[in-house]
Amino acid sequence: MGQKKDLTGSEKSKIVRYLAEGCSSLKIAKLLKRDHRTIKRFIQNSQQGRKKRVEKPRRKITAHELRKVKRAAAKMPLATSLAIFQSCSITGVPKSTRCAILRDMAKVRKAERRPPLNKTHKLKRQDWAKKYLKTDFSKVLWTDEMRVSLDGPDGWARGWIGKGQRAPVPLRRQQGGGGVLVWAGIIKDELVGPFRVEDGVKLNSQSYCQFLEDTFFKQWCRKKSASFKKNMIFMQDNAPSHASKYSTAWLARKGIKEEKLMTWPPCSPDLNPIENLWSIIKCEIYKEGKQYTSLNSVWEAVVAAACNVDGEQIKTLTESMDGRLLSVLAKKGGYIGR
């Protein structure tokens, strides 16, 4: 009989039943084929029962200190309860008390991942939806960049936010820092890329165009037929390196101009189906809290995750565009669910 660490719930029930029938601990161990010491330990622990928790006297908070805490919570959005109380020079208050006090004047929130839309943004989103309502989206190439870090996606921080306040929008970097910048595209049921931006390269207009030349045009587009290239519509967002005069003129020389270059409304990541592809890839590479020790290892994980995305998944994303446009119009330009 090997010694095991824990008893199952079924075994515990049987022990209680055997004890009620008058069986000894040694006989129970033989019946269950478990180590005698394990059975004795369970019986002893059950007989001892739980010790009553001794309540420690809590520090009383004055009305003046409460006002200081409320002002600090308003000035320090997303701060921890400890940081808020320390800024008020209030010490000796346990975490449970701090949180109980803050619940009356604030709530825990995540940082907002999407900037608020103003009236102009909503109007432009509606105009865009009306313009492309009859478009054949199977011919649209949806492109975007994604930055992957060694430790997981940014923007998961939580903290206390005063009631009536909005969570602040964090500054999001397009490139740089301890991570890898990845570019990819999807069209119909096909994945284009992913391609890795060289480490240390900042994507300005010139480097962006050179990157497209070395990857998208030479490695993918050149293999397509003339009719495919003629009908393809190229989509990119309004990042400075994308929307600059230099990049627009360069794409025009490549034949991507006028109706072949999709206009894009401001603040609209929810309308780009490739954002959902990024979510699929990030969930895969960071599952179970996975972290990476080098940029090459996280890049290899991105490539492996992208290879596991099949054509049906991509087709589902690209075919969702008709519904997204209708949702934008129904919400009068507001954000849609992703």
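All of these numbers come straight from a predicted model, not from anything done at the bench.

It is not clear to me how the packing of aromatic side chains should be interpreted in this structure. Could you clarify?
Each aromatic ring pair is specified by the distance between its two centres and by the angle formed by the two planes. Tallying each qualifying case throughout the model produces 13 aromatic pairs. Arranged with centres 5.8 Å apart and planes meeting at 70°, the rings of tryptophan 220 and phenylalanine 228 form a pair that is edge-to-face. On the basis of relative accessible area, phenylalanine 228 is assigned to the partly exposed category, the value being 26%. Residues tyrosine 286 and tyrosine 292 carry aromatic rings whose centres are separated by 6.3 Å and whose planes lie at 70° to one another, so their mutual orientation is edge-to-face. Neither residue differs from the other here; tyrosine 286 and tyrosine 292 are each classed as buried. An aromatic cluster is built from Trp183, Phe195, Phe211, Phe216, Phe217, Trp220, Phe228, Phe234 and Trp250, whose rings are joined through pairwise contacts. Sitting above the plane of the phenylalanine 228 ring, lysine 224 keeps its charged end 5.3 Å from the centroid.

When you look at the pattern of salt bridges in this model, what are you seeing that I'm missing?
Note that side chains of opposite charge can pair when their charged atoms are close. One pass over the full model with this rule turns up seven salt bridges. A salt bridge links lysine 224 to glutamate 190; the nearest nitrogen and oxygen atoms lie 3.2 Å apart. With lysine 224 in the loop between helix H8 (205-220) and helix H9 (226-231) and glutamate 190 in strand E5 (residues 190-196), this pair connects stretches of sequence that are 34 residues apart. Taking the relative accessible area as the measure of exposure, lysine 224 reaches 23% and is therefore partly exposed.

Quick question: what am I supposed to make of the packing of helix H12 (residues 274-285) against helix H13 (residues 295-307) here?
The packing of two helices is summarised by the inter-axis angle and the distance between the axes. Here H12 crosses H13 at 120°, and the two axes come no closer than 9 Å. For the element pair H12 / H13, the angle class is oblique. Once H12 is placed against H13, the crossing between them reads as right-handed. Only Ala301, Val302, Ala305 and Ala306 of H13 make contact with H12, whose side of the interface consists of Ile281, Glu284 and Ile285.

Which parts of the structure should I look at to understand the packing of helix H7 (residues 119-131) against helix H15 (residues 321-330)?
Where H7 meets H15, the axes come as close as 9 Å, and the angle between the chain directions of the two elements is 140°. As judged from the angle between their axes, H7 and H15 are oblique. The element H7 and its partner H15 pack so that their crossing is left-handed. Contacts between H7 and H15 involve Arg125, Gln126, Trp128, Ala129 and Lys130 from the first element and Met321, Leu325, Val328 and Leu329 from the second.

How should I be thinking about the confidence of the model for the protein in this particular structure?
Reading fine detail from the predicted coordinates is not recommended where pLDDT is low. Overall, the prediction assigns the protein a mean pLDDT of 86, with 88% of residues at 70 or greater. Mean pLDDT values for the elements of the protein range from 69 in strand E3 (residues 158-162) up to 97 in strand E6 (residues 233-235). In the predicted structure, residues 171-177 sits below a pLDDT of 50 and forms 10 contacts with residues beyond four places in sequence or in another chain.

Explain the nonpolar core to me, please; I cannot follow it from the model alone.
Among the nonpolar cores identified, the biggest contains 37 residues, and Trp128, Trp142, Val148, Met262, Ile281 and Ile285 are the most heavily contacted of them. Those elements giving two or more residues to this core turn out to be H7, strand E2 (140-149), strand E4 (179-187), E6, H12, H13, helix H14 (311-318) and H15. By residue number, the principal contributor to this core is H13, which donates six residues. Residues Phe195, Leu203, Tyr208 and Phe216 belong to the second largest nonpolar core, which totals 22 residues.

What counts as what
Residues numbered from 1 in each chain as written. Predicted model: local features only at pLDDT ≥ 70, side-chain atom pairs only at ≥ 80, totals over all residues. Heavy atoms only, no water. Phe/Tyr/Trp six-rings, centres within 6.5 Å; stacked < 30°, edge-to-face > 60°. Buried < 20%, exposed > 50% of the residue type's maximum accessible area, 1.4 Å probe, protein only. Lys NZ or Arg CZ within 6 Å of the ring centre and 35° of its normal. Salt bridge = Lys/Arg side-chain N within 4 Å of Asp/Glu carboxyl O. Helix = DSSP H or I, 4+ residues; strand = E, 2+ residues; numbered from the N terminus. Axes fitted to C-alpha atoms, helices over the stretch in contact; angles between N-to-C directions. Parallel < 35°, antiparallel > 145°, perpendicular 65-115°, else oblique. Left-handed = near helix turned anticlockwise from the far one by under 90°. Contact = heavy atoms within 4.5 Å. pLDDT = per-residue confidence, 0-100. Core = buried A, V, L, I, M, F, W, Y, C linked by side-chain atoms within 4.5 Å.

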